Structure formats: structure tokens, C-alpha cells
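Residue-level structural notes
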Amino acid sequence: MSEKTTVIEAINLTKIYTRGIEEIISVNNVSFKIDKGEFVSIIGPSGSGKTTLINLLGCLDNPSSGEFRLGGRSIFGKAKRLSEGELTKIRREAFGYIFQNFYLIPTLTVLENTVLPLTFYCKSGAENEAPKLLKLLGIDNRKDHLPGQISGGEMQRVAIARAMVNMPEILLADEPTGNLDTKRSIEIIQVLQDLNKKEGLTIVMVTHNQELARCADRILEMRDGHISNIDPLTGDAVPPFKS
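Attention in this report is confined to the structure presented alongside it.

On any regular strand, side chains alternate: one points to one face of the sheet, the next to the other face. With five of its five residues buried, strand E3 (residues 39–43) lies for the most part within the structure. Residues of E3 alternate between two faces, with Phe-39, Ser-41 and Ile-43 on one and Val-40 and Ile-42 on the opposite face, all of them buried. Pairing of E3 with strand E9 (residues 202–206) involves four bridges; the strand directions are parallel. In the sheet register, Ser-41 faces E9, and the bridge partner there is Met-205. By the bridge criterion, four bridges tie E3 to strand E10 (residues 218–223) in an arrangement that is parallel.

Further remarks concern the packing of aromatic side chains. Considering all chains together, one arrives at three aromatic pairs under this definition. Aromatic pair Tyr-97 and Phe-99: ring centres 6.4 Å apart, planes at 5°, arrangement stacked. A residue is classified by how much of its surface remains accessible, and Tyr-97, at 18% relative accessible area, is buried. With a centroid separation of 5.9 Å and 75° between ring planes, the pair formed by Phe-99 and Tyr-103 is classed as edge-to-face. Judged by its relative accessible area of 33%, Phe-99 falls in the partly exposed class. Through a chain of ring-to-ring contacts, three or more aromatic side chains come together here, namely Phe-95, Tyr-97, Phe-99 and Tyr-103.

The phi dihedral of Asn-12 is positive, around 50°, even though this residue is not glycine. Turning to its location among the elements, Asn-12 is positioned in strand E1 (residues 6–19). On the basis of relative accessibility, which here comes to 37%, the residue Asn-12 falls in the partly exposed class. The phi dihedral of Asn-29 falls on the positive side, at around 55°, and the residue is not glycine. As for its position among the elements, Asn-29 is in strand E2 (residues 22–35). Owing to a relative accessible area of 46%, Asn-29 belongs among the partly exposed residues under this scheme.

Time to look at helix H4 (residues 129–136). Those residues of H4 not exposed but buried are Glu-129, Ala-130, Leu-133 and Leu-134. For H4, the buried positions fall inside an angular range of 125° around the axis, keeping them on one side. Opposite its buried face, H4 presents the exposed residues Pro-131, Lys-132 and Lys-135, each directed more than 90 degrees away. The inward-facing, buried residues of H4 abut helix H3 (110–115) and helix H5 (152–164).

What counts, and where the lines are drawn
Residues numbered from 1 in each chain as written. Predicted model: local features only at pLDDT ≥ 70, side-chain atom pairs only at ≥ 80, totals over all residues. Heavy atoms only, no water. Buried < 20%, exposed > 50% of the residue type's maximum accessible area, 1.4 Å probe, protein only. Helix = DSSP H or I, 4+ residues; strand = E, 2+ residues; numbered from the N terminus. Pairing = 2+ DSSP bridges. Phe/Tyr/Trp six-rings, centres within 6.5 Å; stacked < 30°, edge-to-face > 60°. Arc of directions from axis to C-beta. Contact = heavy atoms within 4.5 Å.

In C-alpha cells, the structure reads:
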């Protein structure tokens, strides 16, 4: 049996916001690991710190304290804080991002929206990925359509293709089904499962939908900035991860 490779590691990760004289602890001393090829869901009520956490994992925000490692490399820590230029390079090369709102350009076609990130940065070989991705996601017949001419589920598939066009190692999805009905939500989760199983893509998904969350390999629950592992079969908390 092959040894698992840890791609994401949080150690006592904390994020504190200041509002006037008030301190808001959005992420509170969180520790966990995510292995290469895992599909992990993060659930929790509104305001629990889910989005803040995924922004920290995606290097979109800086933690207040603690350590964050990516592929064994220390990104943030007591004696380590990368420059904005270094963080930008990591965001471009390591991550694909999917959001609740599709953020498609209404005047660009499906194909043009998909290849848009390549205008700013193109990983070697990525220029040939767009047609393959559209076919893989079942929307190659829509490549010349504008966003206003396709369904919500198809728009999210375009957003997924755009997130993957630079061949990221990790896909971060923040409420990817939040604007979709039940049928379309299930379709998108099935797409993510296929990418995880067939392409070996590591996926971290934030969702408020516990039924959809159970489709992942593992569930992490955020409450008041703290995190716990949840058994996907029973819904019960399991012993926390120890680094």
C-alpha cells in the first residue's frame, strides 16, 4: 500500500479580525491534514469560519498566528512568511478556485471564459487543456455559447473548467452549489467526485448542505472557529487530528 502524501497541513492556525475595540476570532487554533487525492468537505453554520478557513488554505488571506504548510513547504509560520510575489506564484500554480457566484464574463463565450486565466499566467501544457476539460465536463457542445444562453449548472461547469485550465494540484470550492437547485447541485457534486476519482485531484469544498458533504471522503465541521472531524456515515464527531 502506497504511503499517503500530505498536501495541506494546518497547525494551530488562527485568524483574528479587529472591528473597533472588538476582536473577532474567525478561525481558532485549528489543526488538520489533507492528503493528496482526498476529497474533503468543510461544513458548519453561517459565521462559523468556513470561508475564512478556505481563504487561508488557498493563500488568499494571512493567518494571525499558527503555521500553514503546502506540500511540506512552510508558507506561514513563526519564522516564515512569504512575499506577495511568492504567494501569487503559489496561487497560480497550486490552486484552482470555484465560488458560489460563477463570475463568468457575460460577453465572452464558454471557451473564452475557460481560457481567460491563461491571459495572465499559463503553465506549460495548459494551452491545450480547455477543449479537453469542456469535453470531460460535458459542455464541449456549448463552447461557443454565451453564459446567458446556458443553464446554471452548465455555468458552474464552466467555472470548474476555468479553475482547472492551469492544471492545479488542489481545487478549492466555496459553496459551489449555493446558487443551484437540488438537481443541478447533485450534478456538480458528481462532477467533483469524478475529477477526484478519475483525475486524482485534491478537493476541499465548503458547503452548508450536509447531504452533499457526505459525498466527500471526509468531513470537517467548523463551529465558532473550532474544527472537528465528522464521521460521514453517522454524523458524529471523531477524535481530532493530532499533528
